[in-house]
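# Inside the fold
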Amino acid sequence: MKKFIYLLTFTLAFVNFSCASLFSANGVCNCNCDACVNCTGKHAPLSAEEKARQDSIKAAKAKAYHDPGLDSLLNMDYTIIHYDSEPVPYKWEDDEVITTSQETLMALFKTGTPTTGGDTEFILNEINSYYKTNDIYFYFNTKDGVPEPLRFVVHFYADDPVYFYKLKFNMDGFKYEYVPTDIKRTTEGKFYSESFDNALDEQSRDIVAGLAHCENADVLLVSERGVSHRLYLTDKQLKHFKETYELYRKMGGKL
């Protein structure tokens, strides 16, 4: 209790000293402001220089308040656009027309000898198929010039394993699921690699269409041990899906 009284006495003394320092001997406030909130004393007249400075500040505030740019923002029409129909999930269309020429698309790809069937592999130049990467993409093989089933690849490489067994996609708000087969898991020191390279079939057609046409997507690698991992697809990855899909369809590929 005594400590509290001492503290209160000291605080009051400090406040009295602080307020007193704001006044001159004749009781006129020395803070030299035009709207003092520190005291209730009589204010000394402002100097011409100080008055000009404060008038300038007031003018700047008024100009900012009445700025035409702000008015234009406030007067904009923020009416919510009414669409005649609701968005629908992505679906494979057998009669979709690919407007990009086959020659333009072919220039984006490298070819090689496939290890998964067929006689020629088509994979984008920008894709690194090395397994020590984190990536997700399509590629395809041809046999006698005719595309074989589109192939879907996922590489996951990190210092913590996921042990995923299923993929849950979110494409522009629409949900899709894919269960891969033949997932390969390897360990190198403290790093873990999990990957698959699957041939797609008719059941995956809508996932393919979604990845080729969506604007935003993420995929959850669902773990069989409880700790899943989400990957956010980049614009570049989505562009790769679209380009591979377009060449595949342009060359007569079907699922």
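Going by the structure above, here's the rest.
Keep in mind the model is a prediction, meaning the values are calculated, not measured.

### Description of the overall build of the chain
- Each helix and strand in the chain was counted, giving 6 helices and 13 strands.
- Summarising the internal contacts of the chain: among those between residues at least 6 apart in sequence, 56% fall at separations of at least 24.

### Concerning the side chain of N198
- Residue placement: N198 occurs in strand β11 (residues 191-199).
- Within polar-contact distance, the side chain of N198 engages the side chain of Y178 at 2.9 Å.
- Apart from residues lying up to four places away in sequence, N198 is in contact with L150, R151, F152, Y178, P180 and T181.

### A closer look at the sheet that holds strand β12 (residues 217-223)
- Taken in spatial order, the 4 strands make up an open sheet running β9-β8-β12-β13, and their pairing is antiparallel. At either margin of the open sheet sits one strand with a lone partner, and together these are β9 (174-178) and β13 (229-232). Mean inter-strand twist for the sheet, computed between neighbouring axes without regard to direction, equals 20 degrees.
- Bridge count for strand β8 (residues 164-171) against β12 is 7 bridges, and the pairing is antiparallel. Each bridged residue has a counterpart across the sheet, and for M171 the counterpart in β12 is A217.
- Where helix α5 (residues 205-213) meets the sheet, its contacts fall on β8 and β9, and the angle it forms with β8 comes to roughly 50 degrees.

### Quick look at the nonpolar core
- By size, the foremost hydrophobic cluster in this structure holds 47 residues, and its most contacted members are F152, L167 and F169.
- Listed by contribution, the elements that provide at least two residues to this core are β4 (120-124), β5 (135-143), β7 (151-158), β8, β9, α5, β12 and α6 (235-250).
- Setting aside anything within four residues of it in sequence, one finds F152 in contact with I136, Y137, F138, L167, F169, Y178, F196, D197, N198, L200 and F241.

### A look at unusual backbone geometry
- The backbone of Y163 shows a phi angle near 60 degrees, a positive value even though the residue is not glycine.
- In this structure, Y163 sits in the loop between β7 and β8.
- A positive phi angle is found at D172, which is not glycine, with a value near 55 degrees.
- By relative accessible area, which is 30% here, D172 ends up partly exposed.

### Some thoughts on the pairing of β5
- Of all 9 residues in β5, 8 are buried, a share of seventy percent or more.
- Here β4 runs beside β5; their pairing, made up of 3 bridges, is antiparallel. Paired with F122 across the two strands is F140, which belongs to β5.
- Two strands pair when backbone bridges link them, and β5 and β7 are joined in this way by 5 bridges, in the antiparallel orientation. Residue pairing across strands places F138 opposite F152, the latter belonging to β7.
- With 2 bridges connecting them, β5 and strand β6 (residues 146-147) associate as antiparallel partners.

### Observations concerning the packing of α5 against α6
- One way to put it is that α5 packs onto α6 with a least axis distance of 7 Å and a crossing angle of 120 degrees. Taken together, the axes of α5 and α6 are oblique relative to one another. Crossing geometry of α5 relative to α6 is assigned as left-handed. Residues V208, L211, A212 and H213 of α5 form the contact with α6, whose participating residues are L238, F241, K242 and Y245.
- For the contact of α5 with α6, the residue count by class is 6 nonpolar, 1 polar and 1 charged.

### Concerning the environment of Y157
- Here Y157 lies in strand β7.
- For Y157, a relative accessible area of 17% gives the class buried.
- In this structure the C-alpha to C-alpha distance between Y157 and F191, which are 34 residues apart in sequence, comes to 7.0 Å.

### Considerations on the packing of aromatic side chains
- The tally for this structure, following the rule as stated, stands at 12 aromatic pairs.
- Lying across the ring of Y163, R225 places its NZ or CZ 3.7 Å from the centre.

Parameters and conventions
- Residues numbered from 1 in each chain as written.
- Predicted model: local features only at pLDDT ≥ 70, side-chain atom pairs only at ≥ 80, totals over all residues.
- Heavy atoms only, no water.
- Helix = DSSP H or I, 4+ residues; strand = E, 2+ residues; numbered from the N terminus.
- Contact = heavy atoms within 4.5 Å.
- Polar contact = N/O pair within 3.5 Å; in protein donor to acceptor, adjacent residues only side chain to side chain.
- Pairing = 2+ DSSP bridges.
- Axes fitted to C-alpha atoms, helices over the stretch in contact; angles between N-to-C directions.
- Core = buried A, V, L, I, M, F, W, Y, C linked by side-chain atoms within 4.5 Å.
- Buried < 20%, exposed > 50% of the residue type's maximum accessible area, 1.4 Å probe, protein only.
- Parallel < 35°, antiparallel > 145°, perpendicular 65-115°, else oblique.
- Left-handed = near helix turned anticlockwise from the far one by under 90°.
- Nonpolar A, V, L, I, M, F, W, Y, C, P; charged D, E, K, R; others polar.
- Phe/Tyr/Trp six-rings, centres within 6.5 Å; stacked < 30°, edge-to-face > 60°.
- Lys NZ or Arg CZ within 6 Å of the ring centre and 35° of its normal.

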